[in-house]
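Spelled out from the first residue to the last, the chains are:
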Amino acid sequence: MILGYEEEKWKKLGGEFTAREIMQQPEVWLKTYELVKALEPQIKAFHTQYIQEGSRIIFAGAGSSDYIGTIISHTIGKKLKAQVMAVATTDIVSNPEDCIDRDQKTVLVSFARSGNSPESVGAFRLLQKHLKDIRHVVITCNKDGNLAQIARKDKDNFVLVLPEETNDIGFAMTSSFSSMLLAALLFFDIRHIDQNKTYVEAISREGKLILDTRWKQVKALLTENVERVIYLGSGCLRGLAKELALKNMELTNGAIPAMHESILGFRHGPKTFMNNHALVLVLASTDPYVNQYEKDLIDEIVRDSGSHKLAVFRGNQADYHEPQCVQLTVETEAVPEAYMLFGYLLYGQILALFNSVRMGVTPDNPCPGGSVNRVVKGVILYDECYTGR
């Protein structure tokens, strides 16, 4: 049984792979930890040689892979002396002037499920050609992808290939997203790899509970009245809000519009998206200071007239007593926000999957017409035309 349906039912719904790939994540996270732990000496050596004060780390990817960088840059930037930034490969390829500094020592960290997206290869080639001192870390789910192959040509690059089952067959990135995010957290905090094992084990246990029983709370939120979804979060959780909004758009093939915004930014215009058919989801921080702003916004949304719905994803540290606010909990003690958000991620993936089924869309292939594809098509690279500055 997977999220209330037998596997045969998921096949009929066209969601066999997506449902299975969401379900496998707690086990895959443990495998990902063991993989990174086994490479601890090599990763530490890479850190010593290339990740130094004054160097620059660029987290890059497209779509969901871009959002990994958006999430992790908040956490890793506090742990390393290097300059940390997240830039989408789509932006690097189209506007290279914005991130090419020829003389700055740079590590480009590329996230790629398949490694075959044109922009992944294009960004790699542009920075390789126009920076004097560039090294690459490729975190991918496909050992045979184009990106992994070109990175391996230089022994100073680091190619981290995740367990084979993370290379999702379904259209939307689910276990590939969470596993690349976890691998990056562990890779760039390798000094605390043993301590972080406790966090990985905690989120794995909690993830199993969410997938075994708590998914019912998510399904109960989705009535015929829900026609649009809003995700709100601050800090690294704003990056997660982007990913969860995209998941909903992908798996419903746009039938249920979704948006994302910061906690305070929501009032500045984007709140007009909230109507009587909206489901608003607040991603609660572990920081008591941030919780104050979240509670104020929750109180305001509860007071607003209309038949919109409101729910909050929260850990043990943030409790909201509004009876009109459904609370979906991640019950892990003393787990940093960067790890706690994996529980939020599961809730959001489940919600998108149920929305897909509710709208009669086939989750494994939500866009059978081919206007959007699992690996992006139709991109022509003009990187050879760029001469630098």
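Whatever comes next refers back to the structure up there.
Here's what I pulled together on the structure shown here. On a predicted model such as this, the values are computed, not experimentally measured, just so you know.

### Notes on the packing of helix H11 (residues 236-251) against helix H13 (residues 337-358)
Piece 1. Where H11 contacts H13, the two axes come as close as 9 Å, and the packing angle between them is 15°. Relative to H13, H11 is oriented roughly parallel. Seen along the crossing, H11 lies across H13 with a hand that is right-handed. Across the interface between the two elements, Cys236, Leu237, Leu240, Glu243, Leu244, Lys247, Asn248 and Leu251 of H11 pack against Glu337, Leu341, Tyr344, Leu345, Gly348, Gln349, Leu351, Ala352, Leu353, Asn355 and Ser356 of H13.
Piece 2. Among the residues making up the contact of H11 with H13, the classes are represented as eleven nonpolar, five polar and three charged.

### Some words on the packing of aromatic side chains
Piece 1. The tally for this structure, following the rule as stated, stands at 16 aromatic pairs.
Piece 2. Both rings, one in Phe59 and one in Phe188, keep their centres 5.3 Å apart while their planes meet at 90°; by these two values the pair is edge-to-face. Here Phe188 lies in the loop between helix H9 (175-187) and helix H10 (193-221) and Phe59 lies in strand S1 (residues 56-60), a separation of 129 residues in the sequence. Summarising the burial analysis for this pair, Phe59 and Phe188 share the class buried.

### Details of the nonpolar core
Piece 1. Residues Ile139 and Tyr231 are the most contacted members of the largest nonpolar core, which totals 107 residues.
Piece 2. The greatest single-element share of this core, amounting to 14 residues, is contributed by H13.
Piece 3. Here Ile139 is in contact with Val109, Ser110, Phe111, Ala112, Leu160, Leu162, Met180, Ala183 and Ala184, once residues within four sequence places are set aside.

### Looking at the pairing of strand S7 (residues 258-261)
Piece 1. Bridge analysis of strand S6 (residues 228-232) against S7 gives four bridges, and the strand direction is parallel. Paired with Leu232 across the strands is Glu261, a residue of S7.
Piece 2. Viewed along the sheet, the connection from S6 through H11 into S7 turns out right-handed.

### Here's the deal with the packing of helix H5 (residues 64-76) against H9
Piece 1. Where H5 meets H9, the closest approach of the two axes is 10 Å, and the angle between their N-to-C directions is 30°. One element, H5, and the other, H9, form an angle in the roughly parallel class. Where H5 crosses over H9, the handedness of that crossing is right-handed. Here Ser64, Ser65, Tyr67, Ile68, Ile71, Ile72, Thr75 and Ile76 of H5 lie close against H9, whose contacting residues are Phe177, Met180, Leu181, Ala184 and Leu185.
Piece 2. Its residues placed into classes, the contact of H5 with H9 shows ten nonpolar, three polar and no charged.

### Regarding a nonpolar patch on the surface
Piece 1. Residues Leu264, Tyr289 and Tyr293 make up a contiguous nonpolar surface patch of about 300 Å² in total accessible area.
Piece 2. Take Tyr289: it is sitting in helix H12 (residues 288-303).

### Considerations on the sheet that holds S1
Sheet strands pair via backbone hydrogen bonds, and the direction of the pair is either parallel or antiparallel.
Piece 1. Strand order in the open sheet formed by five strands is S2-S1-S3-S4-S5, and the pairing between neighbours is parallel. Looking at which strands have only one partner, the edges of the open sheet turn out to be strand S2 (83-86) and strand S5 (158-161). On average, each strand axis in the sheet is inclined to that of its neighbour by 15°, with strand direction left out of account.
Piece 2. Where S1 and S2 come together, four bridges link them in parallel fashion. What sits directly across from Arg56, in S2, is Gln83.
Piece 3. Helix H4 (residues 40-50) contacts strand S3 (106-112), strand S4 (134-140) and S5 of the sheet and is inclined by roughly 150° relative to S4.
Piece 4. Running at roughly 150° to S2, H5 makes contact with S1, S2 and S3 of the sheet.

### Re H11
Piece 1. Helix length check: H11 (16 residues) gives 23 Å between terminal C-alpha atoms against 22 Å at 1.5 Å per residue, within 8%.
Piece 2. The complete set of buried residues in H11 reads Cys236, Leu237, Gly239, Leu240, Ala241, Glu243, Leu244, Ala245, Lys247, Asn248 and Leu251.

### Regarding unusual backbone geometry
Piece 1. Unlike most non-glycine residues, Leu3 shows phi in positive territory, near 50°.
Piece 2. Mapped onto the elements, Leu3 comes out in the segment before helix H1 (7-13).
Piece 3. Notably, Asn253 is not glycine yet its phi reads approximately 55°, a positive angle.
Piece 4. Secondary-structure assignment places Asn253 in the loop between H11 and S7.
Piece 5. For Asn253, a relative accessible area of 42% puts it in the partly exposed group.

### Brief notes about the side chain of Ser55
Piece 1. In this fold, Ser55 is placed in the loop between H4 and S1.
Piece 2. In this structure, Ser55 is in contact with Tyr50, Ala82, Gln83 and Lys105, ignoring residues within four places of it in sequence.

### Thoughts on the pattern of salt bridges
Piece 1. For the structure on display, the rule yields 21 salt bridges.
Piece 2. Of the charged contacts, one joins Asp194 and Lys37 as a salt bridge, the two residues approaching to 2.8 Å between their closest N and O atoms. Here Lys37 lies in helix H3 (residues 25-38) and Asp194 lies in helix H10, a separation of 157 residues in the sequence.
Piece 3. We classify Lys37 as partly exposed; its relative accessible area is 26%.
Piece 4. Among the salt bridges present, the one from Arg238 reaches Glu261, with a minimum N-O distance of 2.9 Å. Remark: Glu261 occurs in strand S7 and Arg238 occurs in helix H11; sequence separation between them is 23 residues.
Piece 5. Under the relative-accessibility criterion, Arg238 is labelled partly exposed at 33%.
Piece 6. Where salt bridges share partners, they join Lys37, Glu40, Lys44 and Asp194 into one cluster.

Conventions adopted
Residues numbered from 1 in each chain as written. Predicted model: local features only at pLDDT ≥ 70, side-chain atom pairs only at ≥ 80, totals over all residues. Heavy atoms only, no water. Axes fitted to C-alpha atoms, helices over the stretch in contact; angles between N-to-C directions. Helix = DSSP H or I, 4+ residues; strand = E, 2+ residues; numbered from the N terminus. Parallel < 35°, antiparallel > 145°, perpendicular 65-115°, else oblique. Left-handed = near helix turned anticlockwise from the far one by under 90°. Contact = heavy atoms within 4.5 Å. Nonpolar A, V, L, I, M, F, W, Y, C, P; charged D, E, K, R; others polar. Phe/Tyr/Trp six-rings, centres within 6.5 Å; stacked < 30°, edge-to-face > 60°. Buried < 20%, exposed > 50% of the residue type's maximum accessible area, 1.4 Å probe, protein only. Core = buried A, V, L, I, M, F, W, Y, C linked by side-chain atoms within 4.5 Å. Pairing = 2+ DSSP bridges. Right-handed = clockwise from strand over helix to strand, strands pointing away. Patch = residues over 30% accessible without salt bridge, like charges linked within 9 Å, V, L, I, M, F, W, Y side chains within 5 Å. Areas by Shrake-Rupley, 256 points an atom, 1.4 Å probe, with all protein chains shown as cover. Salt bridge = Lys/Arg side-chain N within 4 Å of Asp/Glu carboxyl O. Expected span 1.5 Å × (residues − 1).

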